[in-house]
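Letter by letter, the chains look like this.
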Amino acid sequence: MLFLKKKVSARRQQVRNTIAAERLGRFSLFINGPNPSAIGVLLLFMAGVIYLLGLDTQDKTVTVLFSRFKPPVELAALAVIVVLTCLGAAVYIKHYQPRIIGRKSRCLNLAILLWLLLALTRVGSMYPGWEYLATGTVIAAAMIMTIVYNQRFALGISLFYSILVCFAVDRIETVELFLTMMSGAAVCCFSLREIRTRMKLVQVSAAAALLVFIIAAAMQTIQSVPPEGFLKPALSASVITIAVGIIIQAFLPIIERVFKIATSMTLMEYSDANQPLLKKLAMEAPGTFSHCLLIGSMAENAAEAIGANGLLCRVGSYYHDIGKINKPGYFVENQMGSVSRHDQLSPAMSQLVIVGHVKDGIEIAREYGLPSVLRQFIESHHGTTLMEFFYNEAKKRQDEKMSPVSEAEFRYPGPKPRTKESAIVMLADAAESAGRSMTEATPNKIETLVHSIAMKRLQDGQFDECDLTLKELSRIEAALAKSLAAHHHGRIAYPKLNSSEDSQTRSAAVASVQQAQ
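Residues numbered from 1 in each chain as written. Predicted model: local features only at pLDDT ≥ 70, side-chain atom pairs only at ≥ 80, totals over all residues. Heavy atoms only, no water.

Undergrad: I would appreciate a short explanation of the overall build of the protein in the present structure.
TA: Assigned secondary structure in the protein consists of 23 helices and 0 strands. The buried share of the protein, reckoned over its 517 residues, is 45%. Within the protein, residue pairs in contact and separated by at least 24 positions form 73% of the contacts whose partners lie at least 6 positions apart. For the protein, the exposed area adds up to about 28100 Å²; of that, 60% sits on carbon and sulfur atoms. (Helix = DSSP H or I, 4+ residues; strand = E, 2+ residues; numbered from the N terminus. Buried < 20%, exposed > 50% of the residue type's maximum accessible area, 1.4 Å probe, protein only. Contact = heavy atoms within 4.5 Å. Areas by Shrake-Rupley, 256 points an atom, 1.4 Å probe, with all protein chains shown as cover.)

So this is what it looks like as structure tokens:
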């Protein structure tokens, strides 16, 4: 029997081939991307959690701990709960912190951290009176997630983790432990926005301990437990919570290194003028150092105007031009009135020298171990903008026999700013540099200058990769114009005194002028 193949038109066949190619491309992109490794880490984490929660801990011997499990039906039901909880956490991470999935090390570090805390909770649950060790592990998870990421993400992860902890201590029948853990986690998440002092973690943990004590005591009272019965567990939970804050304070440098972040306390350390790199910049490129200090003040005010990280902007500004250390004399702020060295170079060579300060800055930052959160300001403070002066000079010197000058040859290599803070530093740098060339810097002229620079960067696509809104851009303009106008404020002219006046009259005149200022 012959089977006749249905005839397909050439256009439909082309569509089918295109769809098949697109599907193959998406599959190839998925396989070669970070998703498979993230899924692998998730599966290993779920298997590890099921192993921990499935252990039968009634007999506390080490041999039984690693070999005896709960009944198969109970173990299967527990596995379903664990899988659903972990999948919910994975979806939450995918929506609110997708960069974790994009970085294998962060994904693995997060899984290992939560599993170790859960294992510690499981071991503690084997001994009566140590159930509230679970509160300490949740507080630890909440603190670390807030330090490394942000408050909302930490609160969400703490919620999912608390569900697993309730199973780890076999307290499924009551909400007492869950409320105790989440109350402490909520205090940590909402109080720990930034760490500027060494006592911050201790203060936050003390506040969390107070609320943990109140919740634990209240829940015990509801269950008709006498005061002498609930004081011990409530105090235990509070002491563990405070101890967690002290321990995390001690391990904070390790947490920063593992997750490759820099807390506000670390940024404060890098803002110290005695830092070796800043001292080198001040000695070898004093004009650039002064320029960086001014930009730091301007950028911090602009960042605070839109609720961004002002401290990060200020410290990032201090280091954004460190690449000029290698060739300080080629930049106008360090020439001190001498003849420009670019007069002896072609526009193409000048372009290479100017672009080189970005690449040199990145290499210097790596050599001195500068955190990656600060290196972003070095590589993106010019984005992919055009060096208009040298581009126009090249066009002027071009003759008919030469090929046309391309804009791409006179653009910075980028990348473009990826955060609001780096975009603010880009605008502050451009505004301050342009402001120095103004002969009569009135507030109206400064506002016009800052607005034109911001619009030029916007139309050039420099803000395409950061989530900066037009409303925020307007506030940044106003803050930068105000700071720049304050820097260019006018002064009262000192009176010119004749040489015949005696010294007493001269001193009185100078004193009156100084008092007026």
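Let us keep going from here.
Undergrad: Got a minute to help me understand the pattern of salt bridges in this structure?
TA: Working definition: two side chains of opposite charge can pair if their charged atoms are close together. Taken as a whole, this structure holds 12 salt bridges when the rule is applied. Across the pair K324 and D321 runs a salt bridge, and its minimum N-O distance is 3.2 Å. For the pair K324 and D321, one class covers both residues: buried. (Salt bridge = Lys/Arg side-chain N within 4 Å of Asp/Glu carboxyl O.)

Undergrad: Is there a simple way to explain the packing of aromatic side chains in this structure?
TA: This structure, assessed with the given rule, holds 8 aromatic pairs. Aromatic pair Y149 and F259: ring centres 6.5 Å apart, planes at 80°, arrangement edge-to-face. Note that Y149 is positioned in the loop between α7 (133-148) and α8 (151-168) and F259 in helix α12 (residues 252-259), a separation of 110 residues in sequence. For F259, a relative accessible area of 4% gives the class buried. An aromatic cluster is defined as three or more aromatic residues linked by ring pairs; in this entry it consists of Y92, Y96, Y149, F153, F160 and F259. (Phe/Tyr/Trp six-rings, centres within 6.5 Å; stacked < 30°, edge-to-face > 60°.)

Undergrad: Honestly, the environment of F463 in this entry has me stumped. Any pointers?
TA: Here F463 is to be found in the loop between α21 (443-459) and α22 (470-487). In this structure the C-alpha to C-alpha distance between F463 and A423, which are 40 residues apart in sequence, comes to 7.0 Å. Those residues in contact with F463 that lie beyond four places of it in its chain are A423, M426, L427, A454, R457, L458, L468 and L473.

Undergrad: Whenever I open this one, helix α9 (residues 176-191) confuses me. Can you help?
TA: Since the α-helix packs 3.6 residues into each turn, any two residues three or four apart lie on the same face. The terminal C-alpha atoms of α9, which comprises 16 residues, lie 23 Å apart, in line with the 22 Å expected from a rise of 1.5 Å per residue. Among the residues of α9, E176, L177, T180, M181, M182, S183, G184, A185, V187, C188 and C189 are the ones counted as buried. Tucked inside the fold, the buried residues of α9 contact α7, α8 and α10 (200-222). (Expected span 1.5 Å × (residues − 1).)

Undergrad: Explanation requested: unusual backbone geometry in the structure shown.
TA: Excluding glycine, residues mostly carry a negative phi; peptide bonds, for their part, are mostly trans. For the peptide bond that leads from G414 to P415, omega is 10°, which places it in the cis range. Within the secondary structure layout, P415 lies in the loop between α19 (388-397) and α20 (420-436). Unlike most non-glycine residues, K260 shows phi in positive territory, near 55°. Locating K260 in the fold gives a position in the loop between α12 and α13 (264-270). Overall, the relative accessible area of 57% leaves K260 in the exposed class.

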